[in-house]
Amino acid sequence: MIIPAIDLRDGQSVRLYQGDYDRQMLVAHVPEEQAKAIDDAGLNALHLVDLDGAKEKHPVNTDAVRKIRAAFDGYLELGGGIRTLDDIEECLKLGVDRVILGSVAVKDPELVRTALARFGSGKIAVGIDGTDGKVAVNGWLEKTEVTLEELMKEMEAMGARYFIVTDTSRDGTLTGPNIELYRSLKREFPDSVITASGGISSVADIKKLLLCGIREIIVGKALAAGRVTLEELAEVNRH
């Protein structure tokens with residue numbers, strides 16, 4: 001399943017270069033129109049990131065999310081600044097299908113355990129961002145000494161089944177995904193659903209990930225930069 005991404009900042013759709021808030025490209029003034037176009041193309045999943053939320057450590061772009069939900073009929077996942085059970089509940093009330101817990105998985109793993117027990121593993125994805133094998137948190141502004149594998153093992157033991165893994169050194173660069181990373185993680189965690197994110201520049205990149213056994217792939221910058229089209233992504237989904 002190919003999952004187009006919309007990153008929200010100040011109510012607009014933007015793309016950052018490697019998570020740098022000072023290196024921003026405007027994609028759409030009206031994100032719900034972008035979401036409608038994705039829906040109309042036959043792509044039935046959408047990945048939303050609240051960039052302001054990631055920085056402020058609480059959801060910020062809730063109005064934009066609400067409008068996108070009204071315009072988009074498919075599966076919707078949302079991450080960025082979701083740090084409490086109340087945050088999760090509010091996001092689910094907006095109509096989000098799955099909430100992504102990122103930094104809190106490192107900072108407060110017990111909250112993830114409680115969230116999985118309360119809402120079910122189908123409603124919770126763990127977002128793991130990092131580079132050189134180490135996890136980054138707080139909108140990638142803070143590096144940790146925790147490895148991606150360590151965090152995945154801990155979360156999987158708690159009952160997490162869905163993981164969104166981003167190589168921050170590749171994100172927004174169009175230099176291709178870290179194939180070896182995803183191949184290694186899929187080998188180590190065969191029972192988990194691993195979503196690949198970061199660096200994808202072409203349909204060829206997507207096909208390489210599919211060959212690794214990765215079945216969910218987020219595409220953001222490549223769409224915004226015109227390197228792939230919605231129609232091409234929909235065609236990959238059909239096969």
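What counts, and where the lines are drawn
Residues numbered from 1 in each chain as written. Predicted model: local features only at pLDDT ≥ 70, side-chain atom pairs only at ≥ 80, totals over all residues. Heavy atoms only, no water. Helix = DSSP H or I, 4+ residues; strand = E, 2+ residues; numbered from the N terminus. Core = buried A, V, L, I, M, F, W, Y, C linked by side-chain atoms within 4.5 Å. Buried < 20%, exposed > 50% of the residue type's maximum accessible area, 1.4 Å probe, protein only. Contact = heavy atoms within 4.5 Å. Arc of directions from axis to C-beta.

**Here's the deal with unusual backbone geometry**
A positive phi angle, near 50°, is found at D10, a position not held by glycine. Positioned with a positive phi, K57 is a non-glycine residue whose angle comes to about 70°. Inspection of the secondary structure assignment puts K57 in the loop between α2 (51-56) and α3 (62-71).

**Re the nonpolar core**
In this structure, L46, I88, L101, M155, V165 and V219 are the most contacted members of the largest nonpolar core, which totals 65 residues. When neighbours within four sequence positions are excluded, L46 is seen to be in contact with I3, P4, I6, A35, I38, I68, F72, Y75, L76 and E77. Formed by ten residues, the second largest nonpolar core is a distinct cluster that contains I3, A5, Y75 and I164.

**Overview of helix α9 (residues 203-211)**
Taken together, the buried positions of α9 are V203, D205, I206 and L209. The arc that holds the buried residues of α9, viewed along the axis, is 155°, so those residues lie on one side. Each element contacted by the buried residues of α9 is listed here: β1 (2-9), α8 (179-188), β11 (193-197), β12 (216-219) and α11 (230-237). Among the residues trailing α9, G213 stands out with phi positive, at a value near 95°.

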